[in-house]
Structures are given as structure tokens and as C-alpha cells.
Amino acid sequence: SVLGAVVIVNLKGMLMQVAKVPYLWKKDRPDCIVWIGTCLAATFLGLDIGLAVGLGLELLTVVFRAQFPRCSVLANIPGTDIYRDRKDYINMHEPEGVKVFKIPSPIFFANIDFFRDKLKDAVGFNPLRILRKRNKAMRKIKKILEDLDQPVDYSDLPIQINWSAEIPLNLGVPPVYIHSLILDFSAVSFLDISALEGLKATLKEFIRIDVEVYIVGCDPYIIDKLRNCNFFEDEIKTSIFYLTIHDAILHIHESNPPKTVSGNIPFQDNRGCSVSNGSVLPMVELKMEAETDTKPETKF
């Protein structure tokens, strides 16, 4: 009886933690599952087996967190050069025609498909499907030109199709409302070969539908690995890397001036460089109205 009382008194602290299970379930369910599983296994199977079960559950939660990370779309906090998850703040400014996507974990064979699916959900379309639709539309246009005895060598034709506009002939090509995609790799610590191939295929799909892709915050180790694995070629160039999201945004605004700018644009010095000394950049508000198309029937 005395020995039993000593054991109960020593276990009092652990037994009192049962009252915290509902709180732990609300705050962190994986940790709560590890706690409950370890406690039950230690009670019914013994301390040594219980500790092994707890270790196994903890390893499973680590794999689960890495395989299904919380990806997010980032937006700008007005008045700063800071970009955060748009779901966590109000009154966020999302650059026109630009998507900023962040994956907060390493990319490897187990989560590359999850990464690609989340990226498609973030931009709102499947780039491979868009590419196939455009190729089908081009074949249909080619057939119409052949029927009209027109030349089919498109390099000699002074036309350029605006895929974002309404396409005639009922070609059914979905519009793409972004021209630039920024991938935040600041939390990506490594890539394996399977993930590298999947990432390369994904970037090519976006580039082939005229969406410029930029990678920011990438670790130099990863860049060296990409170079050693022949990641770069005619379509994917080393110029896609930028130090910060804001640097990439400034370049995008210079290359693709937004039709309507209503937000905060950083001042630039007389050399054309953005002013930054480690503090918040000074901001100026600028509004420009887009020119309307006086000939909406012109699609080519």
C-alpha cells in the first residue's frame, strides 16, 4: 500500500496533465495525438513499449508536417516592403498581375505533387491545361487559314494573339490574369532529384504560357545543386533568382507597368535604385488609369 501511494504521488504531475488535453487538442492536434498515444501505450503496454510508440508517433507527425506544409499566397503590407500571408492580415495589397507563393518546408519526392497542386490552386488555373487549349486553338486557326488559302508560316504573319482577351471563333481558351509568378524559397532548405525534375516541369509549364517565374530567397546551396543538375537551359535562366520579394516586384513593375496602380510605390534615388537602409522604405502613392481599347473588335 505504501509503495503504491509513493508511485501515485510521483505520478501526480503527469496525471494532472490529463486536464490539459482539451486545450492541447484545440491548439496543436498532432502534439495532442502523440501525448495521448504515448500515455495509453505506456499504461497498457509498459513504459519501454510506450516510449517507443511515442517516438514512432512523433516521427510520423514530422513526416506529415513536411509532406503537407501550410502553403500560402503572400501580399504586401501597405507602407512597407514586407510580404505576409494574405489570410493573416486585413487591407493587404496584392500586386496587379502577380502571384507570390510560399512553401514553408523542404521540397522532396513526398511533397512535390502536393506543392504543384497547391500552386495551381493559388494561381487559379492549370498551366498545362492552358497550354493544351492554346495549342488546340492554334491548330484550329491554322486550319481556317489553310481553308482561306492563307500562308501558314506564322513567322511571316504580322499578328500576335492576345490570349488574355476574348478569343473569337469560340476557341474556348481560358484567360490567364497574371503575367508573373514569384516563388518564395526562403524556407526551402533542400531539394532532391525527384523534386528538382518536378519543379523544372512546373516552371516550364508557366513559362510556355507567357507567365514569368521568379524565385526569391533561395539558399546558395540549392542554386549550386540546380546548376550541377543541369536545371538551367534556354527556357529557365539564372536571371530568375532575386534576393527578396520586393526586389522581384520592383523588377516586375519596371518590365510590366501595372495598368492601374493604387497603392504604395517605393521612392527611388537618382540612380534608379530603390532606397533601402534596413528600415522601412519611404512610400508615395501613385494612381494611373488604364487606357481603354477604342477598337475592342481587334483581337489579333
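Residues numbered from 1 in each chain as written. Predicted model: local features only at pLDDT ≥ 70, side-chain atom pairs only at ≥ 80, totals over all residues. Heavy atoms only, no water.

Looking up the protein in an unreviewed UniProt entry gives the name STAS domain-containing protein, with the organism given as Danionella cerebrum.

This paragraph deals with helix H9 (residues 220-228). Among the residues of H9, Ile222, Ile223 and Leu226 are the ones counted as buried. Take H9 and look down its axis: the buried residues cluster within an arc of 100°, on one side only. The outward face of H9, more than 90 degrees from its buried face, is lined by the exposed residues Pro220 and Asn228. Backbone nitrogen of Tyr221 and a side-chain oxygen of the N-cap are separated by 2.8 Å at the start of H9; the cap is Asp219. (Buried < 20%, exposed > 50% of the residue type's maximum accessible area, 1.4 Å probe, protein only. Helix = DSSP H or I, 4+ residues; strand = E, 2+ residues; numbered from the N terminus. Arc of directions from axis to C-beta. Polar contact = N/O pair within 3.5 Å; in protein donor to acceptor, adjacent residues only side chain to side chain.)

Moving on: the pattern of salt bridges. In total, this model carries 12 salt bridges according to the counting rule given. One salt bridge connects Arg70 with Asp85, and the closest N-O pair in it is separated by 3.1 Å. One end of the pair, Arg70, is in the loop between helix H5 (47-67) and strand S1 (72-76); the other, Asp85, is in strand S2 (residues 83-85), and 15 residues separate them in sequence. Among the residues examined, Arg70 registers a relative accessible area of 53% and is labelled exposed. Across the pair Glu235 and Arg208 runs a salt bridge, and its minimum N-O distance is 2.9 Å. Remark: Arg208 occurs in the loop between helix H8 (193-207) and strand S5 (212-216) and Glu235 occurs in the loop between H9 and strand S6 (241-242); sequence separation between them is 27 residues. We classify Glu235 as partly exposed; its relative accessible area is 31%. (Salt bridge = Lys/Arg side-chain N within 4 Å of Asp/Glu carboxyl O.)

Here the focus is the pairing of S1. For S1, a buried count of five out of five residues is recorded, marking the element as mostly surrounded by other parts of the structure. Where S1 meets strand S3 (residues 98-102), three bridges bridge the pair, whose relative direction is antiparallel. Directly across from Val73, in S3, lies its bridge partner Phe101. Sheet topology places S1 next to S2; three bridges connect them, and they run antiparallel. Across the sheet, Asn76 pairs through a bridge with Tyr83, a residue of S2. Once S1 ends, the chain turns through six residues before running back antiparallel as S2, passing Gly79 with a positive phi of about 90°. (Pairing = 2+ DSSP bridges.)

In this section: the confidence of the model for the protein. When the pLDDT values of the protein are averaged, the result is 80; 78% of them are 70 or greater. In the predicted structure, residues 262-300 sits below a pLDDT of 50 and forms 59 contacts with residues beyond four places in sequence or in another chain. (pLDDT = per-residue confidence, 0-100. Contact = heavy atoms within 4.5 Å.)

Once that is clear, we can look at the packing of helix H6 (residues 112-123) against H8. Running from N to C, H6 and H8 point in directions that differ by 20°, and their axes come no closer than 9 Å. Viewed along their axes, H6 and H8 adopt a mutual orientation that is roughly parallel. The handedness of the crossing between H6 and H8 comes out as right-handed. Residue-level inspection shows Ile112, Phe115, Arg116, Leu119 and Val123 of H6 in contact with H8, the latter providing Ala195, Gly198, Leu199, Ala201, Thr202, Glu205 and Phe206. (Axes fitted to C-alpha atoms, helices over the stretch in contact; angles between N-to-C directions. Parallel < 35°, antiparallel > 145°, perpendicular 65-115°, else oblique. Left-handed = near helix turned anticlockwise from the far one by under 90°.)

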